[in-house]
Amino acid sequence: MAINTPQNTLAKMLKKDPTRVMGGVLLAALMLGLIGGMGGYYVADRYDASLQPAPTNLSEPYQAQTSTEEAVIAAVESTAPSVVSVVATRDLPAIDEFFINEFGLPQFRQREGGSQEVSAGTGFVAGTNLIVTNRHVVEDTSVEYVAITSDGRHLEAEVIARDPVDDLAILRVNDLNLPAIPLADSDGIVIGQQVLSIGNALGELQNSVSLGVISGLGRTITAAGGRSGPEELREVIQTDAAINFGNSGGPLLNLRGEVVGVNVARASGAENIGFAVPINRVKNALRQAEETGVVRYPFLGVRYSIITEDNHEDFDVSVEYGALVHNGAQVGQPAVSPNSAADRAGIVVGDVILEMNGTRITSETPLNGLLSDLNVGDTISLTVLRDGVTRTLQATLGERP
């Protein structure tokens, strides 16, 4: 877990109980029943001087007026059919009902059970019969999942990978027959770049589209309220494209119709502050799923915070980059996991990992991002600063438990 500093701390968030919402960040997926209990909608006025009004003569087909508008429309048309709703369903048992019949006598009858939708999120096609979504959308292992396509098909979905570090998941859906949305290089995105969000807003408004910009890069947030408790997400994208409950797992797209991120959370008590996991984090897992049908995540085994020019004095280190290895905020969260690759390599609490395989570790090239490109069994070289002395250690990556 990250050390709480002004650089990486947001107020804790709530995912599934709107009665407890406080300032902070909310994972976007909610139970459908809870969604129905919300008091109303939040409405924000939007204005873009480059967009012209639709024709006053409604018998005339609408024509896009600017190149930007044309790009938005083209991106939505090309990608929306490959965005799906990911719905959790649970079989209900038959229920014995007691009632008084027309003669005033007590009587029992049995009501048939059935399948009930219990939560909903979003996903998108990213490979042959493969859908990417958030882990928190599919974290309940006691239910079944269904992918609902934009043309109304209900298809059984099998969860083949859950990544608790980046809150990502991969589902396999047979006979999906939808094209994969192209994946961008998320390392190349910039602040101010226009982006689109498509998702199952509020769990019921399928393929809702919102437009915004990339507001920030390299954010670290703490997300709370899921079944598995709070989770820290590192180096995520901030956007003002509206992300609402039910949008979790949907694509954040550039205007070429390429995925740059996976929508994951929004800030409560704020206007249009949402977050997405960079798409590069899931590419290696997708390759494994395509090639072998199984996903194995490499594991180094350290807790760390990224050192920057702004926070290095707070951490009392002499360098302005790297990953500071430290204990977690809770009891029983050691800096280095016992018997992990980092433990066997000799990494200890207080070390600053400066480079991995010759690449400097910064907020733009974070440690977990570099690891996501590697495989279980790969040997890596780590440049480590300890007590003012730089040394090189070798580590063979294990598999994430």
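Our subject is the structure that appears above.
The structure presented is a predicted model; accordingly, all values stated were derived computationally and were not measured.

Caption draft 1: Summary view of the overall build of the chain. Tallying secondary structure elements over the chain gives five helices and 23 strands in all. Counting contacts in the chain only where the partners sit at least 6 residues apart, residues at least 24 apart contribute 63% of the total. About 19,300 Å² of surface is accessible on the chain, with carbon and sulfur atoms providing 50% of the total.

Caption draft 2: Quick peek at the packing of aromatic side chains. Enumeration over the complete set of coordinates arrives at zero aromatic pairs. Directly above the ring of Phe 245 sits Arg 266, whose terminal nitrogen or CZ lies 4.3 Å from the centroid. Its end group placed over the ring of Tyr 321, Arg 360 keeps NZ or CZ at 3.8 Å from the ring centre.

Caption draft 3: Local environment of a negative patch on the surface. Together, Glu 309, Asp 310, Glu 313, Asp 314 and Glu 320 make up a region of like negative charge exposed at the surface. Locating Glu 313 in the fold gives a position in the loop between strand 17 (304-306) and strand 18 (323-325).

Caption draft 4: Representation of helix 3 (residues 280-292). Between its first and last C-alpha, helix 3 extends 19 Å over 13 residues, near the 18 Å set by a 1.5 Å rise per residue. Buried within helix 3 are the following residues: Asn 280, Arg 281, Val 282, Asn 284, Ala 285, Leu 286, Gln 288 and Ala 289. Note on helix 3: the residue one or two positions beyond its end, Gly 293, has a positive phi of about 80°.

Caption draft 5: Just the pattern of salt bridges, in detail. Scanning the entire structure with this criterion turns up eight salt bridges. Measuring nitrogen to oxygen at the nearest pair gives 3.4 Å for the salt bridge that ties Asp 151 to Arg 153. Under the relative-accessibility criterion, Asp 151 is labelled exposed at 54%. Looking at Arg 153, the relative accessible area reads 26%, which means it is partly exposed.

Caption draft 6: The arrangement of the pairing of strand 21 (residues 379-386) in detail. A large share of strand 21 lies buried, amounting to six of its eight residues. Judged from the four bridges that link them, strand 19 (residues 352-356) and strand 21 form a sheet pairing that is antiparallel. Of the residues in strand 21, the one forming a bridge with Ile 353 is Val 384. Examined bridge by bridge, strand 21 and strand 22 (residues 389-396) share eight bridges and lie antiparallel to one another. Each residue of the ladder has a partner; that of Thr 383, found in strand 22, is Thr 392.

Caption draft 7: Structural context of the nonpolar core. The biggest cluster of nonpolar side chains holds 34 residues, and the ones touching the most others in it are Phe 124, Val 132, Ile 170, Leu 196, Val 282, Leu 286 and Val 295. Apart from the residues within four sequence positions on either side, Val 132 is in contact with Thr 122, Gly 123, Phe 124, Ala 126, Ala 169, Gly 249, Val 262, Val 282 and Leu 286. Counting residues in hydrophobic clusters, the runner-up holds 25 residues, among them Val 325, Ala 335, Ala 345 and Leu 382.

Rules of the game
Residues numbered from 1 in each chain as written. Predicted model: local features only at pLDDT ≥ 70, side-chain atom pairs only at ≥ 80, totals over all residues. Heavy atoms only, no water. Helix = DSSP H or I, 4+ residues; strand = E, 2+ residues; numbered from the N terminus. Contact = heavy atoms within 4.5 Å. Areas by Shrake-Rupley, 256 points an atom, 1.4 Å probe, with all protein chains shown as cover. Phe/Tyr/Trp six-rings, centres within 6.5 Å; stacked < 30°, edge-to-face > 60°. Lys NZ or Arg CZ within 6 Å of the ring centre and 35° of its normal. Patch = residues over 30% accessible without salt bridge, like charges linked within 9 Å, V, L, I, M, F, W, Y side chains within 5 Å. Salt bridge = Lys/Arg side-chain N within 4 Å of Asp/Glu carboxyl O. Lys, Arg positive; Asp, Glu negative; His and termini not counted. Charge placed at Lys NZ, Arg CZ, Asp CG, Glu CD. Expected span 1.5 Å × (residues − 1). Buried < 20%, exposed > 50% of the residue type's maximum accessible area, 1.4 Å probe, protein only. Pairing = 2+ DSSP bridges. Core = buried A, V, L, I, M, F, W, Y, C linked by side-chain atoms within 4.5 Å.

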